[in-house]
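# Remarks on the overall topology
Residues per chain are reported as follows:
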Amino acid sequence: EVESASDLFLTAGLARDQQKQQEGQQFESAFRKLRVRYAGESVCMMENFGRTKKKAVKALMARPSVDLLDLEPLWETLRKLISALMDLEMRQVEQCEEIIGEYEAKYFELKQACLEGQQSFFRLIEEHENNFTRDLVQLMNELLDKMAKGDLPEDLSDEANSLLVDRDACMNAITG
C-alpha cells in the first residue's frame, strides 16, 4: 500500500509540475503578445505623427514667413499623441496587471493542490507507519506470551531467544 501511495503521489506531483510549467509558459506568451501589440500600436502612432510633422514642416517651409501660431496645429497634434500614448500605456498596465493576477491565482491554486497532496500523502504514510507499529507490537506481545508459556518453536535462533528474554528491552526496541 505504501508503494502504491508513493507512486500515486509521484504521478500527481509530476502532473502538477507539468501544469505549473504550462501556466508559466502561457503567462509568458500572453505577456509577450501584449507587449508586442502595444509596442506596435505606439510605433504606428509615432510613425503617423512623423508623417504629419513632415507635411506640416514642408508646408511651413513653403511660406515666406512663419508665426508661432502657425505651429499650433502641430502642437495640438503632438498633445493628442502624448495623450493617446499615455492612454495606451494605462491600458497596457491594466491588462498586464490582469494577466499577472490571473497567473498568480492559477499558480496559487496549483500550489495549494500540491500542499494538499503532500499532506494527504504524509498522513497516509503516517497511518501505515502506525498500523505497522501496532501490528509489530501485537506480534511481539504474542511472541513474548509464547516465550513465557514456553510455546516457542525449537528452531528459533539464539539471538531471537535472547531478545525475547527481556520484555521491556524488546518493547523499547520496537517502539523506540
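Parameters at a glance
- Residues numbered from 1 in each chain as written.
- Predicted model: local features only at pLDDT ≥ 70, side-chain atom pairs only at ≥ 80, totals over all residues.
- Heavy atoms only, no water.
- Phe/Tyr/Trp six-rings, centres within 6.5 Å; stacked < 30°, edge-to-face > 60°.
- Helix = DSSP H or I, 4+ residues; strand = E, 2+ residues; numbered from the N terminus.
- Buried < 20%, exposed > 50% of the residue type's maximum accessible area, 1.4 Å probe, protein only.
- Axes fitted to C-alpha atoms, helices over the stretch in contact; angles between N-to-C directions.
- Parallel < 35°, antiparallel > 145°, perpendicular 65-115°, else oblique.
- Left-handed = near helix turned anticlockwise from the far one by under 90°.
- Contact = heavy atoms within 4.5 Å.
- Nonpolar A, V, L, I, M, F, W, Y, C, P; charged D, E, K, R; others polar.
- Core = buried A, V, L, I, M, F, W, Y, C linked by side-chain atoms within 4.5 Å.
- Lys, Arg positive; Asp, Glu negative; His and termini not counted.
- Salt bridge = Lys/Arg side-chain N within 4 Å of Asp/Glu carboxyl O.
- Expected span 1.5 Å × (residues − 1).
- pLDDT = per-residue confidence, 0-100.

### Section: the packing of aromatic side chains
The tally for this structure, following the rule as stated, stands at six aromatic pairs. Aromatic ring contacts, followed pair by pair, group F27, F31, Y103 and Y107 into a single cluster.

### A short note on the environment of G24
Inspection of the secondary structure puts G24 in helix α1 (residues 2-61). A relative accessible area of 13% places G24 in the buried class. In this structure the C-alpha to C-alpha distance between G24 and E126, which are 102 residues apart in sequence, comes to 34 Å.

### Some details on the environment of A105
Tracing the backbone through its elements, the reader meets A105 in helix α2 (residues 72-149). Assessed through its relative accessible area of 38%, A105 is described here as partly exposed. Sequence-wise, A105 and M86 are 19 residues apart; in three dimensions their C-alpha atoms are separated by 28 Å.

### Digging into the packing of α1 against α2
Contact pair α1 / α2: the axes reach a minimum separation of 10 Å and the direction vectors enclose 180°. The angle between α1 and α2 places the two elements in the roughly antiparallel class.

### Thoughts on the packing of α2 against helix α4 (residues 167-175)
Closest axis-to-axis distance for the α2/α4 pair is 10 Å, and the angle between their directions is 165°. It follows that α2 is roughly antiparallel to α4 by the angle criterion. Note that α2 runs across α4; the crossing there is right-handed. Contacts between α2 and α4 involve L136, V137, M140, N141, L144 and D145 from the former and R167, C170, M171, I174 and T175 from the latter. Residue composition of the contact of α2 with α4, grouped by class: seven nonpolar, two polar and two charged.

### Description of the nonpolar core
Nonpolar side chains tend toward joint burial in soluble globular proteins. In terms of nonpolar packing, the biggest core is built from seven residues, these being V137, M140, L144, L152, L164, C170 and M171. Among the elements of the structure, α2 and α4 are those that each provide at least two residues to this core. Counting residues per element, this core draws most heavily on α2, which supplies three residues. Excluding anything up to four places from it in sequence, L144 contacts L164, R167, C170 and M171.

### Quick notes on the side chain of E23
Locating E23 in the fold gives a position in helix α1. Lacking a salt bridge, the buried E23 has K106 as its closest oppositely charged neighbour, with an N-O distance of 4.1 Å. Beyond its immediate sequence surroundings of up to four residues, E23 is in contact with Y103, K106 and L110.

### Some details on the pattern of salt bridges
Enumeration according to the criterion identifies six salt bridges in this entry. Where R79 meets E72, a salt bridge forms, and the shortest distance between an N and an O atom there is 2.5 Å. The partly exposed category is assigned to R79, whose relative accessible area is 40%.

### Thoughts on α1
If you check α1, its first and last C-alpha atoms are 87 Å apart, about what 60 residues at 1.5 Å a residue would give, namely 88 Å. Buried residues of α1: A5, E23, G24, L34, Y38, F49 and L60, and no others. In this structure, the buried side of α1 is in contact with α2.

### Let's talk about the confidence of the model for the chain
Predicted confidence across the chain gives a mean pLDDT of 91, with 100% of residues reaching 70 or more. Looking over the chain, one finds the lowest element-wise mean pLDDT in helix α3 (residues 158-165), namely 79, and the highest in α1, namely 94.

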